[in-house]
Amino acid sequence: MGTGLGQLVSEITDSYTFPYGEIPNFPVSTVEGHAGKLIFGKLGGKDIMAMKGRFHFYEGYDMKEVTFPVRVMYELGIETLFVSNASGGMNSDFKIGDLMVINDHINFFPEHPLHGKNFPTGPRFPDMHEAYDRKLIAKADEIAKGKGIQLMHGVYMGVQGPTFETPAEYRMYRLMGADAVGMSTVPEVIVARHCGIKVFGISIITDLGGFDAPVEVSHEEVQKAANEAQPRMTEIMREMIRYS
Ligand code: HPA
C-alpha cells in the first residue's frame, strides 16, 4: 500500500495484522506517516496480503532489506503484486493528480536487488521484457473506462533520492525515455519478477519537472496531490484485485 492506497486498508475484511517488529528479520519503517505492518485478509473477493509501510533505499536499507517483504510474499504464495507510488511527471501530457499505469521501468538505482548469489526462485539472468503484465494493464484500461477515470501510461524511472531532481536531471531522465521519476517500486518489481509473480503498478503524478519553468517540489505537495488522487486509485486497485 504505497502512496495513494492507504484508504484501501479500511476495505480489508477478516483481517489480522502483524507489526513488522514482530516478524523475524523484517525491516522496520522509519519514515513519518508510514506505519509498519503486514495485513492479511479479504478484498475484492480475494485473499490478500497488504504491506502498510514500505522500505525505501534512501532510508538507508540495503536492497536485500528493501525487497525482503516481496520474498516473504513469494514464500506465502502470492500470485500478483499490486504496487503504487508517487512520482514526478516529465511527460508534457501529464498534469498533477494524474494516474499513470506503469508500462515499463528503468532501473536507475545504484545497487541491484539481485546482486550477489542467485536465489533459486528464478534464473541468474532474468528476462524483463514484460515486467508489468500486459493483460492486467489492458484490464485496468477497461475498468477505468467503465468508471470514467482517466489513466495515463508511461515508463517509471526508479532513482535513489532523497533529493528531488534538479531541472537538468528531470530533462535528462525524460531524454532517457522515462515519463515519471520516483524513489521506489523498481527493486520490489525486479524481485517479484524473479520470483515469477505478476506485477501491476500505478504511479500518482504528484509534481511536474523538466518542462516549462522549474518549480519547487516539496513532500507536503506530493502528499496533497496523492490524497486528491486516492479515491481514483482506490477504485482502480480494488477492481483490479477483484479481476486478478
Ligand atoms: N522525483 C522523485 N521522486 C518523487 C517525485 C519527484 O519529482 N515526486 C514524488 N516522488
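Above this text is the structure in question.
None of the values given here were measured: they were computed from a predicted structure.

A. How the structure looks around the pattern of salt bridges. Taken as a whole, this structure holds eleven salt bridges when the rule is applied. Two residues, Lys 42 and Asp 47, come together in a salt bridge whose shortest N-O distance is 2.6 Å. With a relative accessible area of 36%, Lys 42 lands in the partly exposed category. Overall, the relative accessible area of 64% leaves Asp 47 in the exposed class. A salt bridge links Arg 232 to Glu 228; its shortest N-O distance comes to 3.4 Å. Here Arg 232 pairs with Glu 228, and both are found in helix 5 (residues 219-243), just four residues apart, close to one helical turn. Several salt bridges share partner residues, and in doing so they unite Glu 11, Lys 147, Glu 235, Arg 238, Glu 239 and Arg 242 into one network.

B. View of the side chain of Glu 188. Its place among the elements puts Glu 188 in helix 4 (residues 186-194). Among the residues examined, Glu 188 registers a relative accessible area of 7% and is labelled buried. There is a polar contact of 2.8 Å between the side chain of Glu 188 and the side chain of Arg 54. Here the side chain of Glu 188 touches Thr 185 through a polar contact of 3.1 Å, landing on its backbone nitrogen. Glu 188 has contacts with Arg 54, Val 66, Thr 67, Val 70 and Leu 81, leaving out every residue within four places of it along the chain.

C. Seen up close, the packing of aromatic side chains. Summed over all chains, the structure comprises eleven aromatic pairs. Centroid distance Phe 26 to Phe 68: 5.8 Å. Interplanar angle 80 degrees. Geometry classified as edge-to-face. Residue Phe 26 is found in the loop between strand 1 (13-19) and strand 2 (37-43), and its partner Phe 68 is found in helix 1 (residues 63-75); the two are separated by 42 residues along the sequence. On the basis of relative accessible area, Phe 26 is assigned to the buried category, the value being 6%. Considering the side-chain rings of Phe 82 and Phe 200, the 6.3 Å spacing of their centres and the 65 degrees angle between planes classify their relative orientation as edge-to-face. Of the two residues, Phe 82 sits in strand 4 (residues 80-89) while Phe 200 sits in strand 8 (residues 198-208), which places them 118 residues apart along the sequence. Ring pairing ties together the aromatic residues Tyr 20, Phe 26, Phe 55, Tyr 61 and Phe 68, which thus form one cluster. The positively charged end of Arg 71 is found above the aromatic ring belonging to Phe 119, 3.7 Å away from the centroid.

Rules used in this analysis
Residues numbered from 1 in each chain as written. Predicted model: local features only at pLDDT ≥ 70, side-chain atom pairs only at ≥ 80, totals over all residues. Heavy atoms only, no water. Salt bridge = Lys/Arg side-chain N within 4 Å of Asp/Glu carboxyl O. Buried < 20%, exposed > 50% of the residue type's maximum accessible area, 1.4 Å probe, protein only. Helix = DSSP H or I, 4+ residues; strand = E, 2+ residues; numbered from the N terminus. Polar contact = N/O pair within 3.5 Å; in protein donor to acceptor, adjacent residues only side chain to side chain. Contact = heavy atoms within 4.5 Å. Phe/Tyr/Trp six-rings, centres within 6.5 Å; stacked < 30°, edge-to-face > 60°. Lys NZ or Arg CZ within 6 Å of the ring centre and 35° of its normal.

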